Amino acid sequence: MTDEAFIIAYLVRPQEPGGLPDGMTGAYVKCFTASPDIETAIRATCAALLENGLNPVEVVDDKVYQLKIADWGLYVSGEWPEYASHLPTQEEFEQKMAEGKVVYGPFAGFNDE
């Protein structure tokens, strides 16, 4: 297993009306996955989003980043301290990455209608 996870930020839209909470028509979300390469990471994150009823519209800023899996806890406390209790713990994150799963950061939703 790799010791880094790809971070891919997407603009997403619901596949069906009401697919996002509180009348949101879209959202931005960072997806994390441990993959051997960027192409595999993009396929995995897009598949996970689609499976959850979300259409990945675009990769935000056309940029992809990487994070040392061991630094997840530090990343969360620096980026989203107010959401830490809603996100996987360091141990849970490491397990999910080892299993090839996709982890979502908090969704930043909007309504553009």
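Residues numbered from 1 in each chain as written. Predicted model: local features only at pLDDT ≥ 70, side-chain atom pairs only at ≥ 80, totals over all residues. Heavy atoms only, no water.

## A closer look at the state of the cysteines
And step 1. Under the criterion given, the structure shown has zero disulfides.
And step 2. Looking at the unpaired C31, the closest cysteine sulfur is the one in C46, lying at 8.1 Å. (Disulfide = S-S within 2.5 Å.)

## Quick look at helix α2 (residues 72-79)
And step 1. For α2, the complete set of buried residues consists of W72, Y75 and V76. Taken end-on, α2 shows its buried residues confined to a sector of 95°, consistent with a single buried face. Exposed and facing more than 90 degrees away from the buried side of α2 are L74 and G78. (Buried < 20%, exposed > 50% of the residue type's maximum accessible area, 1.4 Å probe, protein only. Helix = DSSP H or I, 4+ residues; strand = E, 2+ residues; numbered from the N terminus. Arc of directions from axis to C-beta.)

## Notes on the side chain of T45
And step 1. Structurally, T45 is set in helix α1 (residues 38-51).
And step 2. Separated by 3.1 Å, the side chain of T45 and the backbone oxygen of I42 make a polar contact.
And step 3. With residues near it in sequence (within four places) discarded, T45 still touches I8, Y10, C31, T33 and V102. (Polar contact = N/O pair within 3.5 Å; in protein donor to acceptor, adjacent residues only side chain to side chain. Contact = heavy atoms within 4.5 Å.)

## With respect to the pattern of salt bridges
And step 1. The tally for this structure, following the rule as stated, stands at five salt bridges.
And step 2. Here K101 ties to E99 by a salt bridge, and the two come within 3.3 Å at their closest N and O atoms.
And step 3. Given the relative accessible area of 42%, K101 is considered partly exposed. (Salt bridge = Lys/Arg side-chain N within 4 Å of Asp/Glu carboxyl O.)

## Details of the nonpolar core
And step 1. Y10, V12, V29, C31, L49 and Y104 are the most contacted members of the largest nonpolar core, which totals 15 residues.
And step 2. If one sorts the elements of this core by residue count, strand β1 (residues 4-14) sits on top with four residues.
And step 3. Sequence-distant contacts of Y10, that is, excluding residues within four places in its chain, are made with A27, Y28, V29, C31, I42, T45, C46, L49, P56, E58, V59 and V60.
And step 4. The next biggest cluster of nonpolar side chains, apart from the first, holds 14 residues, and it includes F32, I69, W72 and V103. (Core = buried A, V, L, I, M, F, W, Y, C linked by side-chain atoms within 4.5 Å.)

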